Amino acid sequence: RAHLPGAGIFQCSITGLSFKVKSAVTITYRYATWTRHLSEADQETWSPAGPLFHIEVQPGVVQSVHLPHFICLAEDVNTSLFSIAHFKSGTMILERPTRLIAFSAVLENPSFSLLGVLWRRLRSTLNSFPMHSSVLIFQQLSAANTTLHLYLIPDDKSVKQAVEKQEMNWNSKLIPKPSPFSPLFFGCIYQVTSTNSVVIMPEARLPFCYKSPREEQLFVEIYIRKMAEEIRFSMIDTRDDSVVWRASLRSGRNSSTVTWAWCLLGTAFLKKHKTKLCVRMRQLPSILLHLRDANVINSDEEEEVQSQVTSQRKNKVLLELVEKKGLEAQEQLYQILQMKDPYLIADLDKSS
């Protein structure tokens, strides 16, 4: 329940919901379950693209609502295939979003009950849209040696919170982790690999799919009998053997805990080749869109880069901007360059 003190825009830090209101108001909201409300016939046509919410508020006060979604818009997706599902008296009504932006669909002058974002399945292709995703890693503190659970889920806060609640009941500890650095696709298989000998059960492959928060989520169990100084893990797209995620595992302050860290390959690369990147970096509009979609830069910073007179100057301003934002921002830019211009990355690597 949120007690909003007056007119303005407010965002819930737990769910990602945002409301623009014209006066003070109290809003009550909770997660609902897609599988309970979306009929089997509708599930053949529509797939969830974000959490489903039950929202209650005084009519006429909310000017717009931002409903979270996990579709990556940096890939030029067909936004006409998105709809907002509105359930009234057990019937689903589809509404067009007023606009679609990174991480949320905006609906102006809304009425409320059950609301959530859907995307229409394309029967001609299995992998219709690129998705933002999260890797969740838990260490079972009461298990033998080092036992980890690794989940690959859409970037849906309702699913993440359900997984965290279940793992806490199993006496597990959430370990900080990086997210995949490129969009993933429903229906694809991603394989977990390691630089050291570890046991991964039931198998090292994880299908990427949406499962309701009330369903049991898929995970792999990683068993490490003897902890090395550092173990590196990767996740590979089995379609083309491309790496979509990396992290390293190190011993913590005591033998019962471990820590995860970015493999910050990109930081060294950008520093080493900054001068050549200023001259040779291409596809800047697409790179900027990816960075904004990943919350590395905002719209004002994107405008600052685009306002520069020459392409070389634009590249220089962008590289300096990302450098100031720290190691993770630099890693994000490096991974975007790998995805958008792999031949440039390979040529610069070769030259060094």
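All residue numbers refer to position in the chain's written sequence, counted from 1. In keeping with the model being predicted, local features are shown solely for residues with a pLDDT of at least 70 and side-chain atom pairs are shown and tallied solely at 80 or more, while totals for entire chains, interfaces and linings include all residues. Computation of side-chain values covers all heavy atoms of the structure but excludes hydrogens and water.

Selection criterion: UniProt positions are given in the numbering used here, feature names are shortened, and annotations may be inferred rather than shown by experiment.
If you look the protein up in an unreviewed UniProt entry, it shows as CARD8 protein from Haliaeetus albicilla. Recorded in UniProt under Subcellular location (unreviewed entry), the annotation for the protein is "Cytoplasm, Cytosol".

1. Topic: the packing of helix α7 (residues 299-306) against helix α8 (residues 311-325)
The condition is simple: Each axis is a line fitted through C-alpha atoms, and for a helix only the stretch in contact is used; angles between axes span 0 to 180 degrees, taken between their N-to-C directions. Here a strand is any run of E in DSSP of at least two residues, a helix any run of H or I of at least four, and the numbering for each starts at the N terminus. In what follows, a contact means two residues having at least one pair of non-hydrogen atoms within 4.5 Å. Charged residues are taken to be Asp, Glu, Lys and Arg, nonpolar residues to be Ala, Val, Leu, Ile, Met, Phe, Trp, Tyr, Cys and Pro, and polar residues to be all remaining types, Gly included.
In contact at an axis separation of 8 Å, α7 and α8 are set at 145° when each is read in the N-to-C sense. Of the residues in α8, those in contact with Glu 301, Glu 304, Val 305 and Gln 306 of α7 are Lys 314, Val 317, Leu 318, Leu 321 and Lys 325. Taken together, the residues of the contact of α7 with α8 break down into 4 nonpolar, 1 polar and 4 charged.

2. Re the sheet that holds strand β4 (residues 25-32)
Our working definition: Here the rule is simple: two strands pair whenever DSSP picks up at least two bridges between them.
Across the sheet, which stays open at both edges, the 6 strands sit in the order β1-β4-β5-β11-β7-β8 with antiparallel pairing between neighbours. Where the open sheet ends on each side, the last strands, each with one partner, are β1 (2-4) and β8 (91-95). Each strand axis lies, on average, 30° off the axis of its neighbour in the sheet, ignoring direction.

3. So, the packing of aromatic side chains
Let me state the cut-off plainly: Within 6.5 Å between ring centres, the rings of Phe, Tyr and Trp (the latter by its six-membered ring) count as paired, and their orientation is classed by plane angle as stacked under 30 degrees, edge-to-face over 60, tilted in between. Here the term buried applies to any residue with accessible area under 20% of the maximum for its type, exposed to any over 50%, and partly exposed to those in between, with areas from a 1.4 Å probe on protein chains only.
Under the counting rule described, the total for this entry stands at 13 aromatic pairs. On the numbers, 6.3 Å between centres and 65° between planes, the contact of Trp 34 with Phe 87 is edge-to-face. In this pair, Trp 34 sits in helix α1 (residues 34-37) while Phe 87 sits in strand β7 (residues 82-88), placing the two residues 53 residues apart along the sequence. Since its relative accessible area comes to 2%, Trp 34 is described here as buried. For Phe 87, a relative accessible area of 5% translates into the label buried. Centroid distance Trp 119 to Phe 186: 6.4 Å. Interplanar angle 35°. Geometry classified as tilted. Of this pair, Trp 119 sits in strand β11 (residues 114-120) while Phe 186 sits in the loop between β16 (184-185) and β17 (189-194), and the two are 67 residues apart along the sequence. An aromatic cluster is defined as three or more aromatic residues linked by ring pairs; in this entry it consists of Phe 70, Trp 119, Phe 186, Tyr 190, Phe 208 and Tyr 210.

4. Notes on unusual backbone geometry
Residues Met 201 and Pro 202 are joined by a peptide bond in cis, for which omega reads -5°. Among the structural elements, Pro 202 can be located in the loop between β18 (199-201) and β19 (205-207). Here Asp 241, not a glycine, exhibits a phi torsion of approximately 60°, which is positive. Here Gln 283, not a glycine, exhibits a phi torsion of approximately 55°, which is positive. Mapped onto the elements of the fold, Gln 283 is located in the loop between α5 (274-280) and α6 (284-293).

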